[in-house]
Structures are given as structure tokens and as C-alpha cells.
Amino acid sequence: KNQNSSQPSTLKTPRARKHPSRTNKSSATMQVVSVNPRHPVDDIDDPEAYGAKPEAGEKSFLQRNSKALKSILLLGVVGAVGVVGYVLGESQTTETQAEAASPTTDSDGTVERTPLERAKETLFSGYNDPSNEALTGELTTAMLDPLLDQWIESGSLNDQFLTDDVMGSFKVYRDSHYEDVNAIRALSSTERNLKGRELIGDYDEPLVDEAWELIEDADYSGGVVFGDDKVTALVKGSKCWVLAEESNSDTDWNANFQLGQSDIQSIGEPQVQSSACGCSVQGSGNWCAEYNVCAQKVVVGRGYKGFVDSYNAMNTDIWNMMQTTCGSRDIVLAGYSRGGALLNVLAYGLYTEGLVPTSKLTLVTFGSPRALVDRDSDAVHAKFTQWRMVYKGDIAPSVPYGWMGFKHYGTMRCYECNYSEGRDRPNWSWSTGDHTSYCLYFGDASCPN
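The written sequence of each chain sets the order in which its residues are numbered from 1. Thresholds applied to this predicted model are a pLDDT of at least 70 for local features of residues and 80 or more for the giving and counting of side-chain atom pairs; totals over whole chains, interfaces and linings are not thresholded and use all residues. Working from all heavy atoms in the structure, the side-chain values ignore hydrogens and water.

By definition, disulfides here are pairs of cysteine sulfur atoms that lie within 2.5 Å. All told, the structure shown has three disulfides when counted by the stated rule. A sulfur-sulfur distance of 1.9 Å marks the disulfide that ties Cys240 to Cys326. Because the sign of the S-S torsion sets the handedness, a value of about -55° for the bond joining Cys240 and Cys326 places this disulfide among the left-handed ones. Here Cys326 lies in helix α13 (residues 305–326) and Cys240 lies in strand β3 (residues 239–244), a separation of 86 residues in the sequence. The exposure classification of Cys240 matches that of Cys326, with both residues buried. Each sulfur of the disulfide joining Cys277 and Cys294 lies 1.9 Å from the other. For helices the rule is a DSSP run of H or I covering at least 4 residues; for strands it is a run of E covering at least 2, with both sets numbered from the N terminus onward. Buried residues are those whose accessible area, probed at 1.4 Å on protein chains only, stays under 20% of the maximum for their type, while exposed residues exceed 50% and partly exposed ones sit between those limits.

This is the structure:
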């Protein structure tokens, strides 16, 4: 673990950039990355990628894209279960799709939860049941496809873990996803372009552009480092930027999909009275009548283990670096991919502990996964300026899956997505190529793919 430098970080020499106009975006602007040769599924114009069945005699989608699916197997065990919206897609009837999103009503007039809400509840319950060997560690993407086919054909798997309720819940998730995908696919190219400009049009464009450039060009060597996670701080103009880059380590990427939650430790160390501080008054027996008061970290929330464990190891050093570098300036947190997830947790901590006034705090992320549990995400949502940028069918914002109990926060803006925007969207997306192509949107032709 490297301690943070007391000096502000410097910028690398920027690469040449050519920023496309945001006022006249067309599909041609992004066409260059619509097909990734390593991931054929990235083709947004492939009908089967939108849930259409192949013609008779054609190879199945699973057979034709086996290499692409191998990359998705990195999601591991139960995390990969959410790939149901990708592997198993068949277009559903309008009636079935509408049914998944519409609440039902009891005979007494009481409005029940929607089928999608009930499906999430069923899967969440199984995921948190340690006795469910399938949902807590054994089920994989490769197994799910034939299992669901078998379930649909036979009506039951006769499995104590993959019950009819569980399999039906996966099907509801798939149907809900493809309702939106198929609706957008049905638009003409002109309508789709208009929709894209509408979705991406309302955001702080100069701030977001600058955030991406600084993330890419910053020198992280003088910042806070833990494993492959790097965070730095620098002053530019009237703002202090706290930046976190993506991780390029396979080991670190797999950690993104570790299952489970971790407690978020406080940045500061408030004065608390506890057994960890020692005993000040001995009781009449072998117990302590009164504990000492001392400064120590406390639990302020809960989030995804793959990100929170690293955050807990870095947060004090990051805060010290911010105090040294930022002074009283407005603070912008900007991160990409896993770095965005780390800064999601940092923003939550700064807000929850009251360390930075909300009027002086901004969060900008690109391709960030979910990081906080539902309750804590709700607590911080819209409490300060929050921009969550998503590019096309990027896989990262869909994980960890919502049915695991995690939720996005902030205002989502998505460019050329094949689904509608929403605070916690996407439910499931599949493109690793799009995840590595944000730089192309910002006009950097030299960026890696």
C-alpha cells in the first residue's frame, strides 16, 4: 500500500483529441465500435441480440458466439445467473411483456407488487439463503440455458433449489428486459437517433468532457494505491478533482464479481465508547462496568464486497490526500469502471459523514457497476450533483445484479443504448467491447479497445 503524496498530482501530456459535436450526433458517429471482432454479440443491429430466434437451419446464438460467452463466464457463479436476459432471449408477446411490468389487483382492490418485483423478491430470498446451493455458488451461465429450456419444455425440473418459482422469476426478468429492447429495435433509424440525442442531451457537457480527459491523463503514481486500485487528486481551475481509473488486472476484474456484502467503514474516527477502548471501571464480577471512550472507525453503510473492501483500506489516505490538495475548493469525484464504483462509495461516505457540503460536491462516473445496497443508495440518491454516464450496451453497469440487493444512484445519461434510461438501469446488458470504448465517444482515436 503506497501512502499518498503531500504534493498535488500532475498531469501526463494529453493525447490529441477531437471532440465530436454533441449538438448533431448521428449513428455514424458511433458506428466504428458497434461491432467488436472479439465479441460478435456487440453488434447492436444483430436481430438475435434483441431476442429474435434464428432462422431454421442456422446455428444457435449460443453456438455462434461461444467465444463471447467465455468472457461472460468471468462473472462466475450466481452473479452470472443474471445473464438470463442475454443467453435465453426470445421475443415475448406484447401481452406477456406488459404483464411483467403491470401490477395485479386482489379481489378486495388492493394493488399487489408487479411480477418483476415479485421475481426480484424470490431471487433475492434464494440468493440470501445459505442452504440454497444453486443460487449461492453452483449455478453458471453455461448450465442455465439448457436448464431453462428444459424447464419450459417439461414444466418442472424437480429440483429442490431451482424450483418453479425460481425459474419462473428468471423468465420474468428476461421478458422485462426484452420488452424494452424490442420496442427500441422497432424504431426507425431516424427515431432511434432522435431518441439517442434526447437521452444524452441534458447533462453538464463541459464538466463531463473534462472529467473523462482528466481520468485518462492523470498521473496516479503520487496518489493512493491499494492493489490495482489507484486514486489521485489534483487542482485544475477552481475545482479539486479526485480521480480513479479503471483496473486492467484480470484478478481485480474477477474481484468485481465476488459475492456478498461488506460494511462500509467511516472515513473519520469519531469518539465512541466500546470494549475496544479498554475498561475504565471494573465491575464486581469478571465484567467491565464502564468502557473507555476512544477514537475509532464505525460502520456507516453497506455495499458490494468487491469494491467496499478496497475502499475501506484506502479511505483514510484518500481523505488525507484531499485535505492536503483541495483546501476549500469545490470537489469533483470522477471515476471509470471499477474506479467509478470506488468513488460511488467515497461520495456516499463524504455525504453521510458530513465531510463535504453538498453544494460543493459532484460525482461523475463512466461505466460504473452498482456499489451500494438498496437502502444506502436511496439515502444518497440526488442529495448532490451526480452524473452516471453509460455507453451503449456496456456490461459493467448491469452488475452486481439488482436482484442481489444493490442499486445505482444518480442521474443516468446513456448514449446509443438499446434500452431506456432509468436510475437503476440496465437490468442486464452484455457488451464488454462497449465497456472499453468510452474513449471513442470522446473522440480519442488512439484509445485501446
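Grouping buried Ala, Val, Leu, Ile, Met, Phe, Trp, Tyr and Cys residues that are joined through side-chain atoms within 4.5 Å yields what is termed a nonpolar core. Val242, Met322, Ile331, Leu333, Leu346 and Leu350 are the most contacted members of the largest nonpolar core, which totals 62 residues. If near-sequence neighbours (up to four positions away) are discounted, Leu333 is found in contact with Val242, Leu343, Leu346, Ala347, Leu350, Leu361, Thr362, Leu363 and Val364. Counting 29 residues, the second largest nonpolar core, distinct from the first, contains Val208, Ala334, Met389 and Tyr415. Note on contacts: a residue pair qualifies if any of its non-hydrogen atoms lie within 4.5 Å across the two residues.

What follows is about the pattern of salt bridges. Every case where a carboxyl oxygen of Asp or Glu lies within 4 Å of a side-chain nitrogen of Lys or Arg is listed as a salt bridge. Enumeration according to the criterion identifies twelve salt bridges in this entry. The residue Asp229 makes a salt bridge to Arg338 at a minimum N-O spacing of 2.7 Å. One end of the pair, Asp229, is in strand β2 (residues 229–236); the other, Arg338, is in helix α14 (residues 338–352), and 109 residues separate them in sequence. Judged by its relative accessible area of 2%, Arg338 falls in the buried class.

Turning next to the sheet that holds strand β1 (residues 224–226). At least two DSSP bridges between two strands are needed for those strands to be called paired. Strand order across the open sheet formed by seven strands is β1-β2-β3-β10-β11-β13-β15, with mixed pairing between neighbours. Both outer strands of the open sheet, β1 and β15 (411–415), are each paired with one neighbouring strand and no more. Adjacent strand axes in the sheet meet at a mean angle of 15° when their direction is disregarded. Across six bridges, β2 lies against β3 in antiparallel orientation. Paired with Lys236 across the two strands is Lys239, which belongs to β3. Contacting β2, β3, β10 (330–336) and β11 (361–366), α14 crosses the sheet at an angle of about 150° to β10. The axes used here are C-alpha line fits, helices contributing only the stretch in contact, and every angle between their N-to-C directions lies in the interval 0 to 180 degrees.

As a further point, take the environment of Glu216. With respect to the helices and strands, the residue Glu216 is situated in helix α11 (residues 205–217). Taking the C-alpha atoms as reference, Glu216 lies 9.0 Å from Tyr336; in sequence the two are 120 residues apart.

A word on α14. Here the expected length of a helix is defined as 1.5 Å per residue gap, with one fewer gap than residues. Here α14 spans 21 Å end to end across 15 residues, near enough to the 21 Å set by a 1.5 Å rise per residue. Of all 15 residues that make up α14, 13 are buried, and the element is covered over most of its length.

Before going further, it helps to examine the pairing of strand β7 (residues 288–291). Of the strand pairs in this sheet, strand β6 (residues 279–282) and β7 are connected by three bridges, and their pairing is antiparallel. Bridging across to β7, Val281 finds its partner in Glu290. Where β6 folds back on β7, the antiparallel hairpin that results is connected by five residues.

Bringing the pairing of β10 into the picture now. The buried fraction of β10 amounts to six of the seven residues, a majority that puts the element mostly inside the structure. Pairing analysis gives six bridges linking β3 to β10, with the strands arranged parallel. When the sheet's bridge partners are listed, Cys240 is paired in β10 with Ile331. The pairing of β10 with β11 spans six bridges and is classified as parallel. Counted as the bridge partner of Gly335 is Thr365 from β11. Looking down the strands as they point away from the viewer, one classifies a crossover as right-handed if the path from the first strand across the helix to the second runs clockwise. Each parallel crossover has a hand, and for β10 linked through α14 to β11 it is right-handed.

Before going further, it helps to examine the confidence of the model for the chain. Across the chain, pLDDT averages 74, with 65% of residues at or above 70. Looking at the elements of the chain, mean pLDDT is at its lowest for helix α1 (residues 27–30), recorded as 26, and at its highest for β3, recorded as 98. On a range of 0 to 100, pLDDT expresses the predictor's confidence in each residue. Between residues 1–99, whose pLDDT stays under 50, and residues either more than four places distant or in other chains, the model counts 215 contacts.

Following Val399, the chain continues to Pro400 via a peptide bond in cis, the omega torsion being -15°. Relative to the helices and strands, Pro400 resides in the loop between β13 (385–391) and β14 (406–407). A cis amide bond, omega 0°, links Arg425 with the succeeding residue Pro426. The phi torsion at Asn158 lies on the positive side, around 50°, for a residue other than glycine. Mapping Asn158 onto the fold places it in the loop between α8 (141–154) and α9 (164–185).

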